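# Examining the three-dimensional arrangement
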Amino acid sequence: MDPLAAPLACKCVEGFAQRDYAKLAAFLSARLGRQVEVAFAESLAKAPAAPDLIIGKWSVVAHDAAAAKTPVRAIARLTDKAGSADFRGLFVVRADDPAKGIADMKGRSILFGPPEAAEKHSAAFAALDERGLPLPKPVATRPSCTTSAAEVADKQADAAVISSYALALLEGCGSIDKGALRVVGATRPLPFIAAFATAGVDPTDGRRIAEALLAMGSDPALLAAMESRDGFVPPPAPEAGWPDWRGPRRDGSSPSLPPALPAKSQVLWLQPLTGLSPAGVAATNRHLLVADKSGDGGEDIFRCFDAATGVPLWTLAYPAPGEMDFTSAPRAQPVIADGLAYLLGAFGHLHCVKLAAGQVVWTRHLADDFAAKRPTWGYASTPLVVRDMLIVNPGARSASLVALNRFTGKEIWRSPGRRAAYASFILATLGGVRQIVGYDATTLGGWDPATGRRLWELTPDLTGDYNVPTPIALGGKLLVATENNGTRLYAFGLDGRIRPQPVAANADLEPDAATPVATEGLVFGCSGQLACLDAASLKTLWKAEDRVAYDDHVSLIAGSGRVLIATARGELLLLRASRERHEVISRLKLFDSADTWSHPALIGGRLYIRTQSAVACILLPASGLARDPSHAYH
């Protein structure tokens, strides 16, 4: 599926777009000791047989594989004659057009590529967004660079976004006159050609094939035939993903915080969404899951994008009509575990789907299946994975908390109790006892993961807490923070039961929704102002007011001696985790006007963040403590 393979391209440009894959097949046959057959197709749907190995444009392979419900994994990337494994989308206008850059595209008619062509679609959207330009409405797409370039040349459109490899071919083939179009800007680099192994290739064979592809770099004749300087190179090393609420440990920590923020927003890709949703985003190195709502409010939608390029992979949509304060869109973050994703809607619809292609494995309904009354603001607690179980909180009298077999959806146990709260649960060892910890509508509690038996409960001094912030396990103690009772730290007895009197308390930090974060012996949280507390005594060390940043909701991520804050107004602040003072290292405005209530996901040097109208991938500098996979992309 490589668009520069000889059978898929023309011979219009000397020494370009004539990659000889027959020679690569012969090389692989010799290295692997087995026959290697090659077929060519522009898309996976047109492939003559089920392939073992797919070599093609990263975004197109990812899109087509998801559509065909064929799991794939990248095992190598192909470099070009300059040694790069990346390419870009180019904004082109007619030669006599006065535009000098992408910033001049405001109000212009622009032709984009189809969604699977990320360089002409999601990356192009990001390029406009970086410059504060809105997307044209409606978005006009064309199936090929030939079509869009010809329409611009013929004055049927003002501009087009084409692939960076295409301009020479368009001029060489005579599709447009040489010099008829002029490049005024480019997207950020994206991964270009990659080799993907399909599910039929076991890990051992996959490693052997990858090693054979990497060995191509030692064969000068083959490098020339494949129009490559360095041959195939390894794909980005896997990073710890962001598969769960507040990260893999539900604690808002990451080793990937940058040393500083860039001076200007660097948007790798951007995809428009159709509705509002406060649900956080979940991500792996390959997949990004985002909750959405249809424009008419009648359907819940979960969208899966390719994490590297923003290409849409699959969508799950189901009827979910009805009104609710703060929108009826899903609130709970998607959860990813072992190739499965768990998706919970505000009305109680729960789906388990295969991550690779979105096939539904099983479904439940928290309200209907357990005779529960839906919480006022909908189901918001992100389901908790505990070994082979999925813990959910229907909030029924006979089933306040329920454990489902996460592979089948069948009930394992149920715990009677009160109506559901909104906070997500955690799994922690407290007082030497492993337990599920979280809230029901009025109390804090602990439950035995094996049986669902409630181990303890604690009713706060003051009533009326909405119980939204997530509890935090902190050095064998439990930190909780709510809007009426403030921040408290509890110890536990040897039997795993909470001691009812807190060992420390603080009234300066009383968040109604934003969960604090603990790092470097400090607790950072926001409730109209940012507060820094000593983690042991909960003494207030300092408070900072900033009406632009801290007077509304924030999401906090901590690590490497720093705290990253994403504000509701679409701004990032990077703070030093300092006991002495409020020390802002840098701040970055991501969006000119955007409500940002969803918790972002941070993987290496990529921050995935949802506004109320779009989801974007923002490039951040490397932390120095973790390899940044985005380096392979820019």
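Residues numbered from 1 in each chain as written. Predicted model: local features only at pLDDT ≥ 70, side-chain atom pairs only at ≥ 80, totals over all residues. Heavy atoms only, no water.

## With respect to the pattern of salt bridges
As a reminder, the rule being used: We define a salt bridge as a side-chain nitrogen of Lys or Arg found within 4 Å of a carboxyl oxygen belonging to Asp or Glu. Comment: elements are numbered from the N terminus, with helices defined as DSSP H or I runs of at least four residues and strands as E runs of at least two. Here's how the labels work: a residue is buried when its accessible area is under 20% of the maximum for its type, exposed when over 50%, partly exposed in between, all with a 1.4 Å probe on protein chains only.
Counted according to the given criterion, the structure contains 30 salt bridges. Between K57 and E119 there is a salt bridge whose closest N-O contact spans 2.9 Å. With K57 in strand β1 (residues 53-57) and E119 in the loop between β5 (110-112) and α3 (122-130), this residue pair connects regions lying 62 residues apart in the sequence. With relative accessibility at 8%, the residue K57 sits in the buried group. Take E119: its relative accessible area is 0%, and that puts it in the buried class. A salt bridge links E583 to R576; the nearest nitrogen and oxygen atoms lie 2.9 Å apart. Among the charged side chains, a salt-bridge network with shared partners connects R418, D440, R454 and E457.

## Re the confidence of the model for the protein chain
Rules: Each residue gets a pLDDT score, which is the predictor's confidence in that residue and runs from 0 to 100. Contact between two residues is taken to exist if any of their heavy atoms lie within 4.5 Å; hydrogens are not considered.
For the protein chain, the average pLDDT comes to 94, and 98% of its residues sit at 70 or higher. Across residues 625-634 the pLDDT falls below 50, and counting only partners more than four positions away or on other chains, this stretch makes 42 contacts in the model.

## Some remarks on the state of the cysteines
We count it as follows: For the purposes of this analysis, a disulfide is any pair of cysteine sulfur atoms at a distance within 2.5 Å.
Tallied over the full model, the rule gives 2 disulfides. Here C10 connects covalently by a disulfide to C173, the sulfurs 2.5 Å from one another. Of this pair, C10 sits in the segment before α1 (21-32) while C173 sits in the loop between α5 (166-172) and β8 (181-186), and the two are 163 residues apart along the sequence. Using a relative accessible area of 33% as the deciding quantity, one classes C173 as partly exposed. Here C526 is not cross-linked by a disulfide; its sulfur's nearest cysteine counterpart is in C532, at 13 Å. This cysteine, C617, is not joined by any disulfide, and C304 carries the nearest cysteine sulfur, 14 Å off. Classification of C617 by relative accessible area gives buried; the value is 0%.

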